[in-house]
Amino acid sequence: MRSTLSTSTTGASSARSTPTPRNSALLILPAPLKTQLFVLARTAHPRECCGLLEGVREGEAVRVTALYPSPNLSPTPETAFEIDPALHFALQRNLRGTGRSVVGCYHSHPTGKAEPSPRDRANGCEAGWIWVILATGVIIEGAPSLGAFLAPGFELQAIATT
Ligand SMILES: [Zn+2]
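Residues numbered from 1 in each chain as written. Predicted model: local features only at pLDDT ≥ 70, side-chain atom pairs only at ≥ 80, totals over all residues.

Novice: Please give an account of the environment of Ala 127 that cites residues and values.
Specialist: By the element assignment, Ala 127 lies in the loop between helix H3 (118-122) and strand S5 (130-135). Overall, the presence of 8 C-beta atoms within 10 Å leaves Ala 127 in the exposed class. Expressed as a C-alpha distance, the spacing of Ala 127 and Ala 151, which sit 24 residues apart in the sequence, is 5.2 Å. Ignoring any residue separated from it by four or fewer positions in sequence, one finds Ala 127 in contact with Ala 151 and Pro 152. (Helix = DSSP H or I, 4+ residues; strand = E, 2+ residues; numbered from the N terminus. Buried ≥ 20, exposed ≤ 12 C-beta atoms within 10 Å, placed from the backbone. Contact = placed C-beta atoms within 7 Å.)

Shown next as structure tokens:
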């Protein structure tokens, strides 16, 4: 049996009692990678950091195995992000046949919450694509927060750090 999940950082109060089917996907983000994500986000501040997540699918869970930071190609990197498509293509090519794949992306919100912004929601992406969003700009004596979302719909997913 999988160990207990860490608490969701945002949006946990939404839809607790709704009967709609829950997507049971689980993101497994090992602690060293989580730490690395926050370092990347802090380094990029006040701009958004962004990059790709490499991972493996383990049943209904996705285990992140590596991070691939991308330059933020957005012309307004303080409020948006754009991952270098060349990085994405190269990574897809390099992972072919390895059992690992590009499972999603991450980016930070220097002044926002660890949840999809309206702009994020407007950006369409393929089903099953995982978004990890870090909130780093409004930290007072506390840990920055991290949220993981599964496209489409950005339903909040639990995150385990194993
Ligand atoms: Zn965003």
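Novice: Let's hear about the nonpolar core: which residues, and what values?
Specialist: By size, the foremost hydrophobic cluster in this structure holds 31 residues, and its most contacted members are Ile 130, Trp 131, Val 132 and Leu 134. Broken down by secondary-structure element, the contributors of at least two residues to this core are helix H1 (31-44), strand S2 (50-58), strand S3 (61-70), strand S4 (101-109), S5 and strand S6 (145-150). With six residues, the top contributor of residues to this core is S5. Setting aside anything within four residues of it in sequence, one finds Val 132 in contact with Leu 37, Leu 53, Gly 104, Tyr 106, Leu 146 and Ala 148. (Core = buried A, V, L, I, M, F, W, Y, C linked by C-beta atoms within 7 Å.)

Novice: Go over the pairing of S6, please, and point to the residues and values.
Specialist: The buried count for S6 comes to five of six residues, which makes it a mostly enclosed element. As judged from the six bridges shared by S5 and S6, these two strands associate in the antiparallel manner. When the bridges of S6 are listed, Leu 134 appears paired with Leu 146. (Pairing = 2+ DSSP bridges.)

Take it as geometry only, folks, not as evidence of what the structure does.
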